[in-house]
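Given next are the chains, with one letter for each unit.
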Amino acid sequence: MSSLHHPAPGLPWPVQRVRMPLLGDGAKQLHEYWYSASPCRRGHFQDIHYSCNAELLYGAIELEEGHGSDTGTALQLAAERAYRQLFSLLEAEGFPHLWRIWNYVPRINEMEHGLERYRQFNIGRHEAFADFERPVNSSPAACALGVEDGPLSIAFLAARQAPRCIENPRQTSAFAYPRQYGPRSPTFTRAAIAGNDILFISGTASIVGHGTVHIGDVVAQTRETMANITVLVEQARQLAPDAGYSLAGLDYRVYIRHAVDYARVRSTLEQLIGPGIRAVYVQADVCRSDLLVEVEAHGIPQANQQADATAQRR
Ligand code: 3EB
């Protein structure tokens, strides 16, 4: 394998580099790992680097934007190419079910050729879903955030087994957003329970129905976001009653548009979830310019958490 094309030279596994400033005065860098209890096989497929065991595949792709054409802008075509590669790999390796996708899009709110770049990204992504006959109403849990610069970066977890999708009754499903948010809808579900009851909460914001609420008020947006996540967790508890999901038991990633809002967002979340909240705070652009904050999370069943903790103490 050519190290030239490796997304993180020197590391023996696929890596998604998230180019976002960490907020607060903790570490300068953070690493999130997904461990497998069984040995993994590593490979690459076109521009994707991946690692898989018998059940699960984790992959990452970084694409530079090339040139636009008659059929689309450079970003639209890059998004389409990335998702086509991804779906082709999943078909070839037999991991048809996406559990979670992390999308990081450079300059996501910039207007270009008369269309916001997030909306261009949505056209390309939607096109690939259509071509591979993937129904958008069984889309994966996902997030889509803006970074200052760099390549389009997408990471994904896929598996042999389908996840259970959760929509939010307080929100219009994203794949059914009306046209005012762009010519093609986003393709993601609000949350999913996958495998051994891992809960994935997609990027969640201050949206009720399909409209942004509390424009200009970061504290109210944070509260509304948590109201949305609370409803998702309640539904997850009904689907997997033994998993023991709770707001305080999740691991959060919090994307804040303006670094200056960090203290207020953090204290709001600590009030709502508790001072022991496990959260990473980063500065990022959110995919609607009126959204000031977005929160995502994942949850591991309590029984597994205890097993983990026991293993760590040994
Ligand atoms: C929203 O609810 C906020 O385009 O994949 C959240 C999660 C958002 C995923 C995506 C977008 C995406 O519409 C934005």
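These numbers come from a predicted model, not from an experiment. Counting restarts for each chain, with residues numbered from 1 along the sequence as it is written. Reporting of local features is limited, given that this is a predicted model, to residues whose pLDDT is at least 70; pairs of side-chain atoms are given and counted only at 80 or more, and all residues count toward the totals for whole chains, interfaces and linings. Computation of side-chain values: all heavy atoms of the structure, hydrogens and water removed.

Draft legend 1. Molecular detail of the overall build of the protein. Secondary structure elements are taken from DSSP: a helix is a run of H or I of four residues or more, a strand is a run of E of two residues or more, and numbering for both begins at the N terminus. What the protein contains, in helices and strands, is 5 helices and 17 strands. Between the two quantities, the radius of gyration covers C-alpha atoms and the globule rule is 2.2 Å times the number of residues to the power 0.38. Relative to the 2.2 N^0.38 estimate, which gives 20 Å for 314 residues, the radius of gyration of the protein is 19 Å and therefore close to what a compact globule would have. Once the C-alpha set of the protein is aligned to its principal axes, its extents read approximately 50 × 50 × 35 Å. Across the 314 residues that make up the protein, the buried fraction comes to 51%. It only takes one pair of heavy atoms within 4.5 Å for two residues to be counted as in contact. Long-range contacts, defined as pairs at least 24 residues apart, comprise 76% of the intrachain contacts of the protein with a sequence gap of at least 6. A gap of 3 Å separates the mean positions of the 29 positive and 33 negative side-chain charges of the protein. Under the scheme applied here, a residue whose accessible area is under 20% of the maximum for its type counts as buried, over 50% as exposed, and between as partly exposed, the area being computed with a 1.4 Å probe on protein chains only. When charges are counted, neither His nor the chain ends are considered; positive counts come from Lys and Arg and negative counts from Asp and Glu. Charge coordinates come from a single atom per side chain, which is NZ of Lys, CZ of Arg, CG of Asp or CD of Glu.

Draft legend 2. Spotlight on the site of the ligand. The full set close to the ligand counts 14 residues, and Tyr118, Arg125, Tyr177, Arg190 and Cys287 are the nearest of them. Any N or O atom pair separated by 3.5 Å or less is treated as a polar contact, with the protein-specific requirement of one donor-capable and one acceptor-capable atom, and with residues adjacent in sequence counted only for side-chain atom pairs. Between the ligand and the protein, one listed contact pairs an oxygen atom with a side-chain N or O atom of arginine 190 at 2.8 Å. Only the protein chains shown count as covering a residue, and every accessible area follows the Shrake-Rupley method with a 1.4 Å probe. Protein contact buries 99% of the 350 Å² of open area that the ligand shows by itself. One can see that the ligand is located within the largest cavity. Those elements that place two or more of their residues in the shell around the ligand are helix H2 (117–131) and strand S7 (141–147). Per element, the largest residue contribution to the shell around the ligand is 3 residues, and it comes from S7. Of the residues belonging to the shell around the ligand, the class tally is 9 nonpolar, 2 polar and 3 charged. Whether a residue is near a molecule or strand is decided by its heavy atoms; if any one of them lies within 4 Å of it, the residue is near. Using only the protein atoms, space was sampled on a 1 Å grid; points where a 1.4 Å probe fits but cannot get out form cavities, open sets with protein on both sides within 12 Å along at least five of seven lines form pockets, and lining residues are those with an atom within 4 Å of a point. Placement in a cavity or pocket follows one criterion, namely that more than half of the molecule's atoms lie within 2 Å of its grid points. For this classification, the nonpolar set comprises Ala, Val, Leu, Ile, Met, Phe, Trp, Tyr, Cys and Pro, the charged set comprises Asp, Glu, Lys and Arg, and every other residue, Gly included, is treated as polar.

Draft legend 3. Structural context of the side chain of arginine 125. Summarising the element assignment, arginine 125 is placed in helix H2. A carboxyl oxygen of Asp or Glu within 4 Å of a side-chain nitrogen of Lys or Arg is what we treat as a salt bridge. Buried and unpaired, arginine 125 has glutamate 294 as its nearest opposite-charge partner, separated by 9.8 Å. Within the structure, arginine 125 has its side chain in polar contact with the side chain of asparagine 122 (distance 2.7 Å). Beyond its immediate sequence surroundings of up to four residues, arginine 125 is in contact with Ala79, Tyr83, Asn103, Tyr118, Pro186 and Thr187.

Draft legend 4. Looking closely at the sheet that holds strand S17 (residues 293–299). Strand pairing is assigned whenever DSSP detects at least two bridges linking the two strands. The mixed open sheet is built from 6 strands, whose spatial order is S9-S10-S11-S17-S14-S15. A single partner strand is all that each edge strand has here, and the edge strands are strand S9 (164–166) and strand S15 (278–283). Each strand axis lies, on average, 15° off the axis of its neighbour in the sheet, ignoring direction. Where strand S14 (residues 251–256) and S15 come together, 6 bridges link them in parallel fashion. Each bridged residue has a counterpart across the sheet, and for valine 254 the counterpart in S15 is tyrosine 281. Every angle, taken between N-to-C directions, lies between 0 and 180 degrees, and every axis is a line fitted to C-alpha atoms, over only the stretch in contact when it is a helix. Packed on one face of the sheet, helix H3 (residues 218–239) meets S9, strand S10 (191–194), strand S11 (198–204), S14 and S17 and runs near 155° to S11. Along the sheet face, helix H4 (residues 262–273) touches S14, S15 and S17 and points at about 150° away from the line of S14.

Draft legend 5. A look at the sheet that holds strand S1 (residues 41–45). Ordered by their spatial adjacency, 7 strands build an open sheet running S1-S2-S3-S8-S4-S7-S16, and the pairing between neighbours is mixed. Either end of the sheet is taken by a strand with one partner, and the two such strands are S1 and strand S16 (285–286). Across the sheet, helix H1 (residues 74–93) lies against S1, strand S2 (48–52), strand S3 (56–63), strand S4 (97–106) and strand S8 (152–159), angled at about 25° from S8, the strand it touches most. This element, H2, spans S4, S7 and S8 of the sheet and lies at about 145° to S4.

Draft legend 6. Representation of H3 within the structure. A rise of 1.5 Å per residue sets the reference length of H3, with its 22 residues, at 32 Å; its end C-alpha atoms lie 32 Å apart and thus fit the reference within 8%. A distance of 3.2 Å separates the backbone nitrogen of valine 219 from a side-chain oxygen at the start of H3, and that oxygen is part of aspartate 217. Expected span of a helix: the number of residues minus one, times 1.5 Å.

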